[in-house]
Amino acid sequence: MTQHLEELLAGWITHQRWFAGKGRAITELAVESATPLPLRGPAESFHQQVAGSCGATDAEVRHLIITVRQDGRTDRYQMLVGFRRELPHRLRHVQIGETPEGFAYDAAHDQEVTGVLLAAIAAGADVGPLRFRHMPGVEIDTSPRSLVLGAEQSNTSLVFGDAYICKLFRKIVPGVNPELEVVSALAERGAPNIARPYGWMEADVAGENTTLAFTQEFLATASDGWALALTSVRDLYGSLPGTPASDVGGDFAAEAHRLGAATARLHQEMAAAFPTATIDPHEVKRMVEGFRRRLDSAISEVPELGGHAAAAHAAFDRLAALDRPVTVQRVHGDYHLGQVMRTPSEWVVLDFEGEPGQPLNERRALDSPLRDVAGMLRSFDYAARHLLAGHPEAGTLAPRAAEWAERNRAAFIAGYSAGGGRIHGDDAVLLRALELSKAAYEVVYEARNRPNWLPIPLAAFQDEPAEPGPAG
Ligand SMILES: Nc1ncnc2c1ncn2[C@@H]1O[C@H](COP(=O)(O)OP(=O)(O)O)[C@@H](O)[C@H]1O
Ligand SMILES: O=P(O)(O)O[C@H]1O[C@H](CO)[C@@H](O[C@H]2O[C@H](CO)[C@@H](O)[C@H](O)[C@H]2O)[C@H](O)[C@H]1O
């Protein structure tokens, strides 16, 4: 039975990993803009590139921005929707449904058509309201075909050959995406530890120039930090009981140290590329109030967290009582092991978007660089603990997990200091408050996306004394 596209999308979108509104009923879904992508055309230069980069296809593809209304709030999402009279087997898993125009499907997965994005970026083309642009002086090879990255993501990334990765932002927030803004500024400075930016797609959304996609160098020979850390944790679990973590083959501490140093360098580059400031103790107290609001809102969504509220407030009280200024600058904002990749020569940092779901002005706001340090410390905890869930020997392995987390957290902080990052004195208080604020965010993230993982961020609150300790 054929149905209207909007009806089909309302059912389909809730099952997509990148859909941020899970668990809330959709009251309305509408198409805000629909732009046909030019897959065939006269032999002008852009269309020649398109012809070279797309397969012969009878598909029609539209770029859509849709609005989704839930709980009285409207969010925007971006999609490439393809239409075919017959859907080949390779695209059945991304079928959206049958419409009067044929089978609708998620065309980000259709390598016969995605080449149009790369060709448009290479040509700096305008396609209806969509503007495709590239960095000055870059040459883009439009011949490679794309594959959708398998990673569970907040967005959808297309990898073209082993040369480019093009991230289609799914939830669209009007404005320039911090990822484009930060990576371009760092690349202009010749900063290390980033992947080279190539180009982007933008359009005016709600009257604002808005980044819709970002293309950068694909690090074909790199491994992501999360995978490397898990290999190390598995090695430790598999080693003879009593073997110290330092003697296990897959020890990660040296890498954690290098990552800390790379993080410090990155913060220095970001401080040089963007403004910095110092916030006075009064503003620090306002920041703490923000942490408390975030905690309260997390508790209202995940009541189980309420049992840990006293411990979190104790950490926040200690920060409020410090009465000292804090240096702020642009930061990564959602820093964890899945955002860093180890190439043969260095750690590279990806995904400068900040926490998906937060308003753009918050994601671009100046913040303590220790927010990123706290994010990575949380990630070491995640890596150590996540293999314990459902493990038959979880009880005996738990102390080993704690040992791994402590060892790598310490190595990361030592590397950060050795690289020139500032952590001293009562920074530990700020760091702990930032860690628990991050853990509150993670509780909500896991409840929405991976309920089995909820115990991991919840455990972060257990080590915290519930009574406020002495300030300083
Ligand atoms: N430039 C790149 N080169 C190689 N792999 C990459 C690159 N950028 C991202 N990835 C891979 O894609 C994953 C998700 O990327 P990320 O930018 O974090 O997307 P999202 O915003 O959707 O979370 C990373 O963990 C990494 O494995
Ligand atoms: O990478 P994203 O921008 O999509 O970030 C979101 O998803 C992350 C998970 O993929 C999530 O990170 C959390 O899980 C990680 C392990 O999968 C762990 O290393 C992180 O420490 C933990 O925060 C991230 O919070 C979320 O914003």
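Fair warning: this is a prediction, and the values are worked out from it, not measured in the lab. (Residues numbered from 1 in each chain as written. Chains lettered and ligands numbered in written order. Predicted model: local features only at pLDDT ≥ 70, side-chain atom pairs only at ≥ 80, totals over all residues. Heavy atoms only, no water.)

A. Spatial organisation of the overall build of the protein. The helix and strand inventory of the protein stands at 13 helices and 18 strands. Expected size for 472 residues packed as a compact globule is a radius of gyration near 23 Å; at 23 Å, the protein falls within 12% of this value. Burial statistics for the protein: of 472 residues in total, 54% are counted as buried. For the protein, the share of sequence-separated contacts (at least 6 apart) that also reach a separation of at least 24 residues comes to 71%. If you sum the accessible surface of the protein, you get close to 19800 Å²; carbon and sulfur atoms cover 52% of it. Side-chain charges of the protein comprise 45 positive and 61 negative groups, with the mean position of each set lying 1 Å from the other. (Helix = DSSP H or I, 4+ residues; strand = E, 2+ residues; numbered from the N terminus. Rg over C-alpha atoms; globule rule 2.2 N^0.38 Å. Buried < 20%, exposed > 50% of the residue type's maximum accessible area, 1.4 Å probe, protein only. Contact = heavy atoms within 4.5 Å. Areas by Shrake-Rupley, 256 points an atom, 1.4 Å probe, with all protein chains shown as cover. Lys, Arg positive; Asp, Glu negative; His and termini not counted. Charge placed at Lys NZ, Arg CZ, Asp CG, Glu CD.)

B. Seen up close, the site of ligand 2. Around ligand 2, a shell composed of 14 residues is seen, among which S154, S379, Y441, E442 and Y445 lie nearest. One nitrogen or oxygen atom from the side chain of S154 is found 2.5 Å from an oxygen atom belonging to ligand 2. The separation between an oxygen atom of ligand 2 and a polar side-chain atom of S379 is 2.6 Å. Protein burial of ligand 2: of its 540 Å² of free accessible surface, 92% is covered by the chains. Elements with a contribution of two residues or more to the shell around ligand 2: helix 10 (370-386) and helix 12 (427-449). Sorting elements by how many residues they give to the shell around ligand 2 places helix 12 first, with three residues. (Near = heavy atom within 4 Å. Polar contact = N/O pair within 3.5 Å; in protein donor to acceptor, adjacent residues only side chain to side chain.)

C. Representation of the pairing of strand 9 (residues 156-160) within the structure. The buried count for strand 9 comes to five of five residues, which makes it a mostly enclosed element. Of the two faces of strand 9, the one lined by T156, L158 and F160 and the one lined by S157 and V159 are each fully buried. In terms of strand pairing, strand 8 (residues 146-148) meets strand 9 through three bridges, oriented antiparallel. Directly across from V148, in strand 9, lies its bridge partner L158. Direction of pairing for strand 9 relative to strand 10 (residues 164-168): antiparallel, over a ladder of five bridges. From the neighbouring strand, F160 faces strand 10, where its bridge partner is Y164. (Pairing = 2+ DSSP bridges.)

D. Main features of the domain arrangement of the protein. Here the domain parsing of the protein yields domain 1 (2-217) and domain 2 (223-459). Using C-alpha coordinates to define each centre, domain 1 is positioned 31 Å away from domain 2. Across the boundary between the two partners, domain 1 contributes 27 residues, which contact 25 residues of domain 2. Both faces combined, the contact of domain 1 with domain 2 buries some 2200 Å², and carbon together with sulfur accounts for 53% of it. (Domains from an automatic or database assignment. Buried area = accessible area lost by both parts, 1.4 Å probe.)

E. Structural view of the sheet that holds strand 17 (residues 340-342). Pairing is antiparallel in the open sheet, where three strands are placed in the order 14-17-18. Each of the sheet's edge strands pairs with one partner strand only, and the pair in question is strand 14 (223-224) and strand 18 (347-349). Across three bridges, strand 17 lies against strand 18 in antiparallel orientation. Residue pairing across strands places V340 opposite V349, the latter belonging to strand 18. This element, helix 6 (residues 253-273), spans strand 17 and strand 18 of the sheet and lies at about 45 degrees to strand 18. (Axes fitted to C-alpha atoms, helices over the stretch in contact; angles between N-to-C directions.)

F. Quick peek at the nonpolar core. With 125 residues, the main nonpolar core has L305, L319, F352, W404, F412 and F461 as its most contacted residues. The element that contributes the greatest number of residues to this core is helix 12, accounting for ten residues. Summarising the domain contributions, this core has at least three residues from each of domain 1 (2-217) and domain 2 (223-459). Not counting the four nearest positions on each side in its chain, F412 is found in contact with A256, H257, L259, G260, T263, Y335, V373, M376, L377 and F380. By size, the runner-up hydrophobic cluster in this structure holds 17 residues, among which are L5, L29, M79 and F83. (Core = buried A, V, L, I, M, F, W, Y, C linked by side-chain atoms within 4.5 Å.)

G. Spotlight on the UniProt feature "domain: Maltokinase N-terminal cap" (unreviewed entry) in the protein. Here, the residues flagged by UniProt with the feature "domain: Maltokinase N-terminal cap" (unreviewed entry) are residues 12-110. Across residues 12-110, helical content stands at 10% and strand content at 44%; the span's end C-alpha atoms are separated by 18 Å. (UniProt positions renumbered as here; feature names shortened; annotations may be inferred.)

H. Molecular detail of the confidence of the model for the protein. On average, residues of the protein carry a pLDDT of 92, and 97% of them reach 70 or more. Contacts of residues 468-472 to residues separated by more than four positions or lying in other chains number nine contacts, the stretch itself having pLDDT below 50. In the model output, the complex is listed with pTM 0.90 alongside ipTM 0.96. (pLDDT = per-residue confidence, 0-100.)

I. Looking closely at the packing of helix 7 (residues 281-301) against helix 12. Contact pair helix 7 / helix 12: the axes reach a minimum separation of 10 Å and the direction vectors enclose 25 degrees. Relative to helix 12, the element helix 7 lies roughly parallel. Crossing geometry of helix 7 relative to helix 12 is assigned as left-handed. Seen from helix 7, the contacting residues are M287, F291, R294, L295, A298 and E301; seen from helix 12, they are L430, A433, L434, S437, K438, A440, Y441, V444 and R448. Broken down by class, the residue content of the contact of helix 7 with helix 12 amounts to ten nonpolar, one polar and four charged. (Parallel < 35°, antiparallel > 145°, perpendicular 65-115°, else oblique. Left-handed = near helix turned anticlockwise from the far one by under 90°. Nonpolar A, V, L, I, M, F, W, Y, C, P; charged D, E, K, R; others polar.)

J. Spatial organisation of the pairing of strand 3 (residues 73-84). Burial of strand 3 is extensive: ten of the twelve residues sit out of reach of the surface. With eleven bridges joining them, strand 2 (residues 60-70) and strand 3 adopt antiparallel strand pairing. Each bridged residue has a counterpart across the sheet, and for Q70 the counterpart in strand 3 is R73. Here strand 2 hands over to strand 3 after two residues, with D71 in that stretch at a positive phi of 45 degrees. Pairing geometry for strand 3 and strand 11 (residues 171-172), over two bridges, is antiparallel. Residue pairing across strands places Y77 opposite K171, the latter belonging to strand 11. When strand 3 meets strand 5 (residues 102-106), the two strands line up antiparallel, connected through four bridges. Residue pairing in the sheet places R84 in a bridge with F103 of strand 5.

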